[in-house]
4 protein chains.
Amino acid sequence: MVVGIIGATGYTGVELIRLLLGHPAITGFSLASASHEGSSIEQVYPHLLGLIAAPLKKAEEVIAESALVFAALPTGVGEEYARLCFESGIPYIDLSADFRFGSDEQTYEAWYGMRYRYPNLHSAAVYGLPELNRKHIRHAKIIGNPGCYPTGATLGIMPALAQGMAHDAPLIIDAASGVTGSGRELSASSHYPQAADSLAPYKVGVHRHIPEISRIAAVCAGRAAPVIFTPHLAPLNRGILSTIYIPLAKNWQSLSSDTAFRFPPGPLIAEKLGAIKKQYEDFYRHEPFIRVLPDGLAAATNRVRASNFCDISLHLDSAGSTLIVVSAIDNMVKGACGQAIQNMNIIFGLDEKTGLGAVPSSF
Amino acid sequence: MVVGIIGATGYTGVELIRLLLGHPAITGFSLASASHEGSSIEQVYPHLLGLIAAPLKKAEEVIAESALVFAALPTGVGEEYARLCFESGIPYIDLSADFRFGSDEQTYEAWYGMRYRYPNLHSAAVYGLPELNRKHIRHAKIIGNPGCYPTGATLGIMPALAQGMAHDAPLIIDAASGVTGSGRELSASSHYPQAADSLAPYKVGVHRHIPEISRIAAVCAGRAAPVIFTPHLAPLNRGILSTIYIPLAKNWQSLSSDTAFRFPPGPLIAEKLGAIKKQYEDFYRHEPFIRVLPDGLAAATNRVRASNFCDISLHLDSAGSTLIVVSAIDNMVKGACGQAIQNMNIIFGLDEKTGLGAVPSSF
Amino acid sequence: MVVGIIGATGYTGVELIRLLLGHPAITGFSLASASHEGSSIEQVYPHLLGLIAAPLKKAEEVIAESALVFAALPTGVGEEYARLCFESGIPYIDLSADFRFGSDEQTYEAWYGMRYRYPNLHSAAVYGLPELNRKHIRHAKIIGNPGCYPTGATLGIMPALAQGMAHDAPLIIDAASGVTGSGRELSASSHYPQAADSLAPYKVGVHRHIPEISRIAAVCAGRAAPVIFTPHLAPLNRGILSTIYIPLAKNWQSLSSDTAFRFPPGPLIAEKLGAIKKQYEDFYRHEPFIRVLPDGLAAATNRVRASNFCDISLHLDSAGSTLIVVSAIDNMVKGACGQAIQNMNIIFGLDEKTGLGAVPSSF
Amino acid sequence: MVVGIIGATGYTGVELIRLLLGHPAITGFSLASASHEGSSIEQVYPHLLGLIAAPLKKAEEVIAESALVFAALPTGVGEEYARLCFESGIPYIDLSADFRFGSDEQTYEAWYGMRYRYPNLHSAAVYGLPELNRKHIRHAKIIGNPGCYPTGATLGIMPALAQGMAHDAPLIIDAASGVTGSGRELSASSHYPQAADSLAPYKVGVHRHIPEISRIAAVCAGRAAPVIFTPHLAPLNRGILSTIYIPLAKNWQSLSSDTAFRFPPGPLIAEKLGAIKKQYEDFYRHEPFIRVLPDGLAAATNRVRASNFCDISLHLDSAGSTLIVVSAIDNMVKGACGQAIQNMNIIFGLDEKTGLGAVPSSF
């Protein structure tokens, strides 16, 4: 099976290649790159020397010869390729934000400043989070592959919202990403002397993943579920850690009267946490890539590095009012390309884990 | 003026030396180290070669020959030295947690597992946060120098609490520290292959800085002010970034009805934020080390690196319900040794900035 | 096929597991750990949760149930296990230095301070560098898996020595390793605040890899070939970069009379370099893991990260007297565990690349 | 005294400001920036907020109001400013390569591709390495401040060459620099995901510091002294480590007949090294910024970080033929701005250490 990648020379393009080279069902690649057309992928990325030798073509050629197309493009430029694929019946997995908002063009336009060209494609598109939408993905022609932050956030909050654990105060998602998250394009914030040995938030209150997370949270909760989301840039190559604060509904709280913290949290906290954890374990029991961590372990980005896992650890604040969920993913894998391949596997009826068995390189 | 440092070979000890070598009022050092007694500081830390040649003595000798003593010891071992200084009228600045709880022995015992030996010393001790307690520090004989996380957190929330901006829901302090925060002692979490290129929380809900932050927050607010505090370990040498979520009291909110985030935040948000920022600027107008950042800038650890500054940036969440304060400090300077020297300057009637003029090395 | 790993909880043990979990011929693991016997590997390394659940046993049990045994032990403790395997006809691949010196007990004793217990095992042992010893490895019962630095160094110098390019002045190998090279054991030099953002040499002139490199260089050259080897510790997790200076024999030089460097090197240099490069390419033409890089590229550790590749780039100094070879490997893969698996593949008659197809994660 | 900085918004410009803000003789700044003229330095670099508020002017204005001018410009653009200063009698310290080649226009042109516009200025210029040229610097009108690599290399080899320790084979300088070395300009090699966790050489055999090092080596040796210089990029913010191989003249060798390294180096090596070390100590006895390290310590970049020190450690290879000198500097301080200020101090007759007393921040 030949797969196509449009936008093959961006970071998500080259990560797709890295992962797909180990996928047993893929027999060949057809690659497009607007910026390097005419060159060859292993010339642009010499770490691929000896592993692949593939010319960089026009997107139209790629579509013509592929059984499935991944679009690893900036937001706003792929709609035409989606249409070509859609009309030819070729599954199209879009890693940009273009197809994440379904028929809600209003929100897409307000946050991204562009309108839909082919609204019908968006109505047909499925939000490609397998843990939420597996059965729709199976028959999808167009997948809006989730954003990296929304993946980590949603996987952390989904069971709590689905089980009614959260009361209606805002969920707070405090997250940090490695620098590959901003891709191959040079920028002051990705300049090594600025990014190394530093930590800072960015786009507080205005990041475009806010409406995406909010939409999915509402689906999970079955009601409006306001979120506060603060992204940070951390001196990592890969990884997103999301520390999520979920104010608990009354019956899930374990309220202490000691709001001055005269004492460390006691055994009642641990007991309540156990009940919550059981819900998370049950919710994700059959998920191949979600690991609800055992007691005493906190999710860490290095334990999922270069893998498709999402690790989740559960904690209660000292006073028992708020569930603290920590989720860790590799932003390039479960946060982008691994998830896209998981979606491809579902579409093709393969075992979801096919080609995604990489063991995290914890050091 | 000769100053003494007990525990001179720990990271806070050697950072005190680094800073004090540039202090114009200090003419000499008297150093104690239990682990390296008989050796000399520049043998233990050869980056000090040519700058200082000081034998490592017993603590009692140091106390006998110093005009002021810094105790850079683990929590629980310095009380006897405090007594010696107290009885001799020598100011004693303790960088451990021992003197941060005043006469509240109950909380100290519950979280640290130890009791006070000399309760009278604790009644006399002053919590050494100049921005809060300057006038008491001036006459203090014993200073409990604040913890690193509590410094960053408190400076971020103090104006909001003092001005009644916060309603009574818990304040959430999501913070990350560089690895020097855990000091010189070897540990698995500080082992380079574990700490590099990774991000993870630790001690969620049970960290000992929770009661310290809570106590001070209550002082600032004039009422109980429950806090949720989550520390993370980040791959930095230095720096603490605190991202603080303060649910706003009604009159400070700028509530949007668009809880589904169909639109990015509008101009009303910016207007409300301006009013809040003005309060912060007024509150800190005369503080030499607090910088409330201009609009559009977010606090970052690299802009305060190796300096005594605390940078604060102010943001509103997209829906206008929650103030997001970001504070950045160098955990070894404003979070420990710089603040201790600031306290020393106050005690000695010096300009607070004396010896603390280092420009941040932003790269 | 069940393989055994003795010393499974050290860094090389756990890296063997990471790689072997993707090896199609391996059906099971039998693991031994002296330090964690009775526990289970995924408890000690929770990044393995969901991938393997294997109890940690005694070494003798492991030997009894394995088709091949990897010993990932400190130098000096594995000889007894080697004997057990040898007598049972089970191939034994030793990742320590114990079996790298063959019957030259004198050198081993002088540098490692220990004597051989079973000299016959050492006479039977083969130095496991496939590019040098493939045909002997095929029938070996005991493999002395090469050291990390010796692998990078030897692969860089082998063609030059074999083709008589070097004159008899010392070869200079200036190399730097990531911190995983010193393993899981805590040490001051691996403490994050010491290792991060710093670069320094260590054990200059006395590192134990000097005799190992020298022995193999002599084999390659067919004469004594003195080497100068300087290791450095670099703030990387993984990777060894070796910059190797080979003084060229007369007929390979391209001597410029401009020893004051009044002019940049001219086209004669490039021409000579082309001839040298052709030799390297021919020498390694059939090697699956050696990549002689195209003109204009210098070897870099990130292009081989997490893979079994050794990248080699060739350069001439400005005056044309000295060949500068740069080799890059992942110290944990080609420098240790990947090479051990390559040896296993050879012993079992498998394609050498089996299980070693990982694409470098260049970011 | 008001000093001027032309090119104030580049990394060397802003590092000059950082250091000069602590210089007691400097009463004011006059700053020029072509790229940010009309703005103010603390707007471009907000870590300077509260420390300086200085408009960015035209270079000509700066020259008109300064007692001394630092030019922190790219190579090739400062000659006109040098002329203006020279004609007005204002000392001009140039941090680019423009004035490092004196009247040797031929070499400058061959390596930099430009010709001199005012040859007389170059004849008047002094190469600003205080340890070599202190007495000429005192009366200089134009200083060519040394390159970062040449500083570390020259300080490492100067005593050996001056004392005739080296025989006439090429000196090999294997050096690595932190990423600030390539300045503020964005580039693929400074992009965090490329630079982090990687190590690689660049411009092997063709780096422009080759002729600069060679020129100074010849001055030190009193004869042609060919050098081989290989720069590497290391994942550090700051620091240059140079590992230098000096083939020893006969009478300085301690030749072992054990070229197969059957034994570790013995006491004769240590004895010979002691004699060499004594020469280095004597040579640098009165130098305020050179530290010849005690036995057993190797130079490391973190021990000189943010300081003007150059640390030097001395080693012999195992066979006693080659002196291995390791020098460590902070590329932004002793490798650029600290050295420029040291030159300013000499010109103004100040103590050389004035304003340069910063203690290295070893962590």
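Residues numbered from 1 in each chain as written. Chains lettered and ligands numbered in written order. Predicted model: local features only at pLDDT ≥ 70, side-chain atom pairs only at ≥ 80, totals over all residues.

**Describing the overall build of chain A**
Here is step 1 of the chain: Secondary structure summary: chain A contains 12 helices and 14 strands in total.
Here is step 2 of the chain: With respect to the principal axes defined by its C-alpha atoms, chain A has extents near 70 × 45 × 40 Å.
Here is step 3 of the chain: A buried classification covers 61% of the 363 residues belonging to chain A. (Helix = DSSP H or I, 4+ residues; strand = E, 2+ residues; numbered from the N terminus. Buried ≥ 20, exposed ≤ 12 C-beta atoms within 10 Å, placed from the backbone.)

**Remarks on the interface of chain C and chain A**
Accessible area lost upon the coming together of the parts serves often as the stated size of an interface.
Here is step 1 of the chain: Between chain C and chain A, the residue contacts involve 24 residues of the former and 24 residues of the latter.
Here is step 2 of the chain: Split by residue class, the side of chain C that touches chain A holds 12 nonpolar, eight polar and four charged. (Contact = placed C-beta atoms within 7 Å. Nonpolar A, V, L, I, M, F, W, Y, C, P; charged D, E, K, R; others polar.)

**Observations concerning the packing of helix α8 (residues 148-162) of chain A against helix α12 (residues 333-347) of chain A**
All names here are of chain A.
Here is step 1 of the chain: Look at α8 against α12: their axes get within 8 Å of each other, and the N-to-C directions meet at 100°. Relative to α12, the element α8 lies roughly perpendicular. Along the contact surface, α8 presents Cys-148, Thr-151 and Gly-152, while α12 presents Lys-334, Gly-335, Ala-336 and Gln-339.
Here is step 2 of the chain: A per-class count over the contact of α8 with α12 returns two nonpolar, four polar and one charged. (Axes fitted to C-alpha atoms, helices over the stretch in contact; angles between N-to-C directions. Parallel < 35°, antiparallel > 145°, perpendicular 65-115°, else oblique.)

**Let's talk about the sheet that holds strand β4 (residues 68-71) of chain C**
Residues and elements named next belong to chain C.
Here is step 1 of the chain: Overall, parallel pairing links the seven strands, which are arranged β3-β2-β1-β4-β5-β7-β6 in an open sheet. What marks the edges here is a single partner per strand, and that holds for β3 (56-57) and β6 (126-127).
Here is step 2 of the chain: Looking at chain direction, β4 and strand β5 (residues 92-94) are connected through three bridges and run parallel. Counted as the bridge partner of Phe-70 is Ile-93 from β5.
Here is step 3 of the chain: Its contacts with the sheet put helix α1 (residues 11-20) on β1 (2-6), β2 (28-32) and β4, and the angle it makes with β1 is roughly 160°. (Pairing = 2+ DSSP bridges.)

**Brief notes about the relation of the copies chain A and chain B**
Here is step 1 of the chain: Laying chain A over chain B is done by rotating through 180° and shifting 0.0 Å along the axis; what remains is an RMSD of 0.0 Å. Given the turn and translation reported, the copies of this chain are related as if by a two-fold rotation axis. Relative to the rotation axis, the C-alpha of A:Pro235 is the closest in chain A, positioned 3.2 Å from it.
Here is step 2 of the chain: By residue overlap, the copies meet face to face through one surface: 100% of the interface positions of chain A are interface positions in chain B. (Least-squares fit on C-alpha atoms with pLDDT ≥ 70 in both.)

**A closer look at the relation of the copies chain C and chain A**
Here is step 1 of the chain: Taken as rigid bodies, chain C and chain A are interconverted by a rotation of 180° and an axial shift of 0.0 Å, the fit giving an RMSD of 0.0 Å.
Here is step 2 of the chain: When the interface residues of chain C are mapped onto chain A, 100% of them are again interface residues, pointing to one common binding face.

**Details of helix α11 (residues 267-283) of chain B**
All names here are of chain B.
Here is step 1 of the chain: An ideal rise of 1.5 Å per residue puts 24 Å on 17 residues; α11 measures up with 25 Å between its terminal C-alpha atoms.
Here is step 2 of the chain: Listed as buried for α11 are Ile-269, Leu-273, Ile-276 and Tyr-280. On an axial view of α11, the arc spanned by its buried residues comes to 65°, and they lie on one face. Set apart from the buried face of α11 by more than 90 degrees, the exposed residues are Pro-267, Glu-271, Gly-274, Ala-275, Lys-278 and Asp-282.
Here is step 3 of the chain: Where the residues of α11 are buried, they touch α8 (148-162), β12 (290-292), β13 (310-316) and β14 (322-329). (Expected span 1.5 Å × (residues − 1). Arc of directions from axis to C-beta.)

**Notes on the domain arrangement of chain A**
Residues and elements named next belong to chain A.
Here is step 1 of the chain: Domain boundaries in chain A define domain 1 (2-124) and domain 2 (149-332).
Here is step 2 of the chain: Computed over C-alpha atoms only, the centres of domain 1 and domain 2 are separated by 29 Å.
Here is step 3 of the chain: With eight residues of domain 1 at the contact, the number on the domain 2 side is seven residues.
Here is step 4 of the chain: Listed by contribution, the elements that provide at least two residues to the side of domain 1 that touches domain 2 are α1 (11-20) and α5 (105-112).
Here is step 5 of the chain: The element contributing the most residues to the side of domain 1 that touches domain 2 is α5, with three residues.
Here is step 6 of the chain: Considering only residue class, the side of domain 1 that touches domain 2 consists of four nonpolar, two polar and two charged. (Domains from an automatic or database assignment.)

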